[in-house]
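Notes for the structure review
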Amino acid sequence: HLATIRQFWTAALLGTGRYSGRPIEAHRQLPLQPAHFGRWLGLWNQAVRRHAEGDDARVAIEAAVSMARAIIQRMEHRPLPKSAPQ
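Notes on the structure follow. (Residues numbered from 1 in each chain as written. Predicted model: local features only at pLDDT ≥ 70, side-chain atom pairs only at ≥ 80, totals over all residues. Heavy atoms only, no water.)

**Quick word on the overall build of the protein**
A tally of helices and strands in the protein yields four helices and zero strands. Sequence-ordered secondary structure for the protein, helices as α and strands as β, is α-α-α-α. Evaluated residue by residue, the protein yields a buried proportion of 28% over its 86 residues. Looking at the protein as shown, the accessible area adds up to about 6200 Å², and 54% of this sits on carbon and sulfur atoms. (Helix = DSSP H or I, 4+ residues; strand = E, 2+ residues; numbered from the N terminus. Buried < 20%, exposed > 50% of the residue type's maximum accessible area, 1.4 Å probe, protein only. Areas by Shrake-Rupley, 256 points an atom, 1.4 Å probe, with all protein chains shown as cover.)

**Details of the nonpolar core**
Counting 18 residues, the largest nonpolar core has Trp9, Phe37, Trp44, Val48 and Ile71 as the members making the most contacts within it. Those elements that place two or more of their residues in this core are helix H1 (2–14), helix H3 (34–51) and helix H4 (54–76). Excluding residues that lie within four positions of it along the chain, tryptophan 9 makes contacts with Leu14, Trp40, Trp44, Ala63, Ala64 and Met67. (Core = buried A, V, L, I, M, F, W, Y, C linked by side-chain atoms within 4.5 Å. Contact = heavy atoms within 4.5 Å.)

**A few points about the packing of aromatic side chains**
Taken as a whole, this structure holds five aromatic pairs when the rule is applied. Their ring planes at 90° and their centres at 4.8 Å tell us that phenylalanine 8 and tryptophan 9 sit as a pair that is edge-to-face. The exposure class assigned to phenylalanine 8 is buried, which follows from its relative accessible area of 13%. For tryptophan 9, a relative accessible area of 11% translates into the label buried. Ring centres 4.5 Å apart and planes at 35° place the aromatic pair tryptophan 9 and tryptophan 44 in the tilted group. Placement of the pair is tryptophan 9 in helix H1 and tryptophan 44 in helix H3, with a sequence separation of 35 residues. Taken together, the ring pairs connect Phe8, Trp9, Tyr19, Trp40 and Trp44 into an aromatic cluster. (Phe/Tyr/Trp six-rings, centres within 6.5 Å; stacked < 30°, edge-to-face > 60°.)

**Some thoughts on the pattern of salt bridges**
The tally for this structure, following the rule as stated, stands at two salt bridges. The residue aspartate 55 makes a salt bridge to arginine 58 at a minimum N-O spacing of 3.6 Å. You can see aspartate 55 and its partner arginine 58 sitting in helix H4, three residues apart, about one turn around the helix. Judged by its relative accessible area of 53%, aspartate 55 falls in the exposed class. Notably, a salt bridge pairs arginine 58 with glutamate 62, separated by 3.1 Å at the nearest N-O pair. Of this pair, arginine 58 and glutamate 62 are both found in helix H4, four residues apart, which corresponds to roughly one turn of the helix. Taken together, the shared-partner salt bridges connect Asp55, Arg58 and Glu62 into one network. (Salt bridge = Lys/Arg side-chain N within 4 Å of Asp/Glu carboxyl O.)

This is how it looks when you write it as structure tokens:
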């Protein structure tokens, strides 16, 4: 699973083209709630800020927020709360 996640994010952030899966479909099968994505975004932000700064960090965080919103909206037709963890 970690290899798949790595492929997804390197494709999303660096344009490697290494990922060809369907992340929304993969997550649709799980009993996820918006709160799960809030927690994940908080952890993501912490990790990004440890390894990146400036525009690189901003782009990675914005990409994750966008992906979380898309998955939630498509899975449950509910938007992500406007205030994501920073």
